[in-house]
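Here are the chains, one letter per residue:
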Protein chains: 2
Amino acid sequence: MLVDVAFTIGDVPRPLPDGVHAVVIDVVRAMSVVAHALDAGADGVRPVADVEAARAAAAAHGALLGGERGGLPLDGFDLGNSPGDYDAARCADRPVVLTTSNGTRAVEAVAGAASIWGAALVNAEATVRGLLAARGDVAEPAERTGDDLVAGDVLLVCAGSDDRVAADDVAAAGCIAGSLALRGAARGTDAARTAVALFDTWKHDLIGLLRRSLSGRKLATIGLAADLEVCATVDTVPTPARLDDDGVFRARPLAR
Amino acid sequence: MLVDVAFTIGDVPRPLPDGVHAVVIDVVRAMSVVAHALDAGADGVRPVADVEAARAAAAAHGALLGGERGGLPLDGFDLGNSPGDYDAARCADRPVVLTTSNGTRAVEAVAGAASIWGAALVNAEATVRGLLAARGDVAEPAERTGDDLVAGDVLLVCAGSDDRVAADDVAAAGCIAGSLALRGAARGTDAARTAVALFDTWKHDLIGLLRRSLSGRKLATIGLAADLEVCATVDTVPTPARLDDDGVFRARPLAR
């Protein structure tokens, strides 16, 4: 299979080719929150792009309401967008509705994909395993010279930061693409190879990369730099987050 | 100053902010051809997007006509798109008109930039020096938190391969961005940092990167893989190529 990377939401091919599996990556911070909330036992996380729609969805589902605009918590919300706040005491067995600036838009951009996963550094390897299990055995096209995506291929979508490339998301894409390649499960496009190089260059100092990134500097200006420590850890969450047909991310336990 | 990278032509901000300097990068092969032709003494290279317009421009200027579609030379053209063919015997003191699939489109995308340069790996360092000389001393904005481009900043535009990311172009962008950073002349955006990581990862095996790239594999299928050897060499051309107001790339000798 081929693994490709969209560096921003604008790079996602429209329409998405049939049968392509999509991984939505937003390290700082939406998908780190999704992974942490599910790991803490939340009964699903529903991403909602619009703030008022998020309020309505939370009311309808009796859900915890979390999210941000400009990085900051919203009036009347239960939680902001700090992964560490989504712990078992707050989340266990509760449905969660989450609205964020970039991550929830990225989910909308891959509507109709064969499967949709929410990924960050914290659940990168779990995402790889979930993806491979969900994809199953799909025959490769007999003749394949170009790098156009076909059914069974994987597109890693970096949510980015307000339409700009975000290094934290590219690094996580590189982590996932590199793992797929090391397993012999995928060949990477030029974009995937570029993302792998970023991850490999910074894998021993991901916190350094995140602090230098646009997302990281924005968080520092609003006093939330501590969140970067959580977002920069790799594979602390053992289960992937898959978007079900009802638009809710749920933990998808892996076979041992 | 800030140095940013557009991974594809589609990533170029529209409109381009005033006063931004633009470097158009097409390693395989348009800008390698421009660099070689100017180094061989050509009296300027005029990039023209359309094949028929290229024929007309060549006739009007008594120019050598070169270019490709699908990588292959065009009927009635003097030269194809192989950098090695643009030697002194053919090019000295002759104007050249060049039409290619991606590189000439990238030039159009940055129309109106403060200066426009044509760059590849072969003239990367010359481009850095030309750019710094042309930019001169521009005051940094007093308050600068985000990564939006302002006057005096540099945008490296990867021409890509039919709207896909091309590793050869990203590597050259990384080479240029890294040199600007090492000189203490620029801070890189997240996109620039990503490109630098690709170049640094592959700098001792650029031919390996180009052979694996989409552009390189396309060339191999039409029997032109030998061109990659020329395109993968760094800094063999000592003068940068700047686009003059009349739409012609000319060599811009550097002060010693």
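Residues numbered from 1 in each chain as written. Chains lettered and ligands numbered in written order. Predicted model: local features only at pLDDT ≥ 70, side-chain atom pairs only at ≥ 80, totals over all residues. Heavy atoms only, no water.

J.: Which parts of the structure should I look at to understand the overall build of chain A?
T.: On a plain count of helices and strands, chain A comes out with 10 helices and 10 strands. For 256 residues, the compact-globule estimate of 2.2 N^0.38 gives 18 Å, and the C-alpha radius of gyration of chain A, at 17 Å, lies within 12% of that figure. If you line up chain A on its principal axes, its C-alpha atoms span 55 × 35 × 35 Å. For chain A, contacts bridging at least 24 residues in sequence account for 77% of all contacts bridging at least 6. (Helix = DSSP H or I, 4+ residues; strand = E, 2+ residues; numbered from the N terminus. Rg over C-alpha atoms; globule rule 2.2 N^0.38 Å. Contact = heavy atoms within 4.5 Å.)

J.: For this particular structure, what's the right way to read the relation of the copies chain B and chain A?
T.: A rotation about some axis, followed by a shift along it, carries one copy of the chain onto the other. Each copy of the sequence occupies a distinct position, and chain B is placed on chain A by a rotation of 180 degrees and an axial shift of 0.0 Å, giving an RMSD of 0.0 Å. As the rotation angle and translation indicate, the two copies are arranged about a two-fold axis. Identified as the residue of chain B closest to the rotation axis by C-alpha distance is B:A197, at 2.8 Å. (Least-squares fit on C-alpha atoms with pLDDT ≥ 70 in both.)

J.: Explanation requested: the environment of A:N81 in the structure shown.
T.: Residue and element names in this part refer to chain A. By the element assignment, N81 lies in the loop between β4 (64-67) and α3 (88-91). Separated by 106 residues in the primary sequence, N81 and R187 place their C-alpha atoms 34 Å from one another. If sequence neighbours within four positions are ignored, N81 has contacts with R29, A30, V33, G67, E68, L98, T100 and D227.

J.: Mind showing me how you'd approach the packing of aromatic side chains here?
T.: A ring pair, where both rings are aromatic, is described by two values, the distance of the centres and the angle of the planes. Under the counting rule described, the total for this entry stands at one aromatic pair over all chains. Judged by centre distance (4.3 Å) and plane angle (25 degrees), the ring pair of A:F7 and B:F7 falls under stacked. In this pair, A:F7 sits in the loop between β1 (2-6) and β2 (21-25) while B:F7 sits in the loop between β1 (2-6) and β2 (21-25), so the two residues belong to two different chains. The residues A:F7 and B:F7 share a single accessibility class, namely buried. (Phe/Tyr/Trp six-rings, centres within 6.5 Å; stacked < 30°, edge-to-face > 60°. Buried < 20%, exposed > 50% of the residue type's maximum accessible area, 1.4 Å probe, protein only.)

J.: Please clarify how the pairing of strand β6 (residues 116-119) of chain B should be interpreted in this entry.
T.: Across a regular strand the side chains alternate sides, sitting on one face of the sheet and then on the other. Residues and elements named next belong to chain B. Here β6 shows no split at all, with I116 and G118 on one side and W117 and A119 on the other all buried. One ladder, built from four bridges, connects β2 with β6; its direction is parallel. For V23, the partnering residue across the bridge sits in β6 and is W117. Across two bridges, the pairing between β6 and strand β9 (residues 241-243) is antiparallel. Counted as the bridge partner of W117 is R242 from β9. (Pairing = 2+ DSSP bridges.)

J.: For this particular structure, what's the right way to read the interface of chain B and chain A?
T.: Interfaces are often sized by the amount of accessible area the parts lose when they come together. Taken together, the 28 residues of chain B in the interface contact 28 residues of chain A. Approximately 2200 Å² of surface area, both sides summed, lies buried where chain B meets chain A, with 53% of it carried by carbon and sulfur atoms. It is B:R164, B:D190 and B:R193 that lose the most area in chain B upon contact with chain A, and together they represent 28% of the buried surface on that side. For A:R217, the salt bridge is made with B:D147, and the minimal N-O distance between the two is 2.9 Å. There are 10 residue pairs in polar contact (both at pLDDT 80 or more) connecting chain B and chain A. Of all the secondary-structure elements, those providing two or more residues to the side of chain B that touches chain A are α6 (167-182), α7 (190-202), α8 (206-212) and α9 (214-221) of chain B. A per-element tally of the side of chain B that touches chain A places α7(B) first, with eight residues. Of the residues in the side of chain B that touches chain A, the class split is 11 nonpolar, seven polar and 10 charged. (Buried area = accessible area lost by both parts, 1.4 Å probe. Salt bridge = Lys/Arg side-chain N within 4 Å of Asp/Glu carboxyl O. Polar contact = N/O pair within 3.5 Å; in protein donor to acceptor, adjacent residues only side chain to side chain. Nonpolar A, V, L, I, M, F, W, Y, C, P; charged D, E, K, R; others polar.)

J.: Before we go on, may I ask you to explain the confidence of the model for chain A in this structure?
T.: The predicted model of chain A averages 95 in pLDDT, with 100% of residues at 70 or higher. We note a pTM of 0.96 for the whole complex and an ipTM of 0.94 for its interfaces. (pLDDT = per-residue confidence, 0-100.)

J.: Can you walk me through the side chain of A:T189 in this structure?
T.: Secondary-structure assignment places A:T189 in the loop between β8 (187-188) and α7 (190-202). In this structure A:T189 touches A:L2, A:V3, A:D4, A:V5, A:D147 and B:R164, once residues within four positions along its chain are discounted.

J.: Explain α7(A) to me, please; I cannot follow it from the model alone.
T.: In an α-helix, one turn spans 3.6 residues, which is why side chains three or four residues apart end up on the same side. Over its 13 residues, α7(A) runs 19 Å from end to end, which matches the ideal 18 Å to within 8%, given 1.5 Å per residue. Taken as a whole, α7(A) has its buried residues at A:D190, A:A191, A:A192, A:R193, A:T194, A:A195, A:A197, A:L198, A:F199 and A:W202. (Expected span 1.5 Å × (residues − 1).)

J.: Can you walk me through helix α9 (residues 214-221) of chain A in this structure?
T.: Within α9(A), the full set of buried residues consists of A:L214, A:S215, A:G216 and A:L219. Those residues of α9(A) that are buried are in contact with α6 (167-182), α8 (206-212) and α10 (227-231) of chain A together with α7 of chain B.

J.: Looking at this model, I keep getting lost on the pattern of salt bridges. Mind explaining?
T.: Oppositely charged side chains are able to pair whenever their charged atoms sit close together. For the structure on display, the rule yields 30 salt bridges over all chains. Through salt bridges that share partners, A:D244, A:D246, A:R250 and A:R252 make up one connected network.

J.: Mind showing me how you'd approach the environment of B:D245 here?
T.: Assignment of secondary structure puts B:D245 in the loop between β9 and β10 (249-251). Put simply, B:D245 and B:F77 are 168 residues apart on the chain and 26 Å apart in space, counted from C-alpha to C-alpha.

J.: Would you mind going over the packing of α6(A) against α7(A) with me for this structure?
T.: A pair of packed helices is captured by two measures, namely the crossing angle of their axes and the spacing between those axes. All names here are of chain A. Taken N-terminus to C-terminus, the directions of α6 and α7 make an angle of 105 degrees; their axes are 7 Å apart at the nearest point. Comparing the axis directions of α6 and α7 gives the class roughly perpendicular. Along its contact with α6, which presents A167, V170, A171, A173, G174, C175, A177 and G178, the element α7 presents A192, A195, V196, L198 and F199. Grouping the amino acids of the contact of α6 with α7 by side-chain chemistry returns 11 nonpolar, two polar and no charged. (Axes fitted to C-alpha atoms, helices over the stretch in contact; angles between N-to-C directions. Parallel < 35°, antiparallel > 145°, perpendicular 65-115°, else oblique.)

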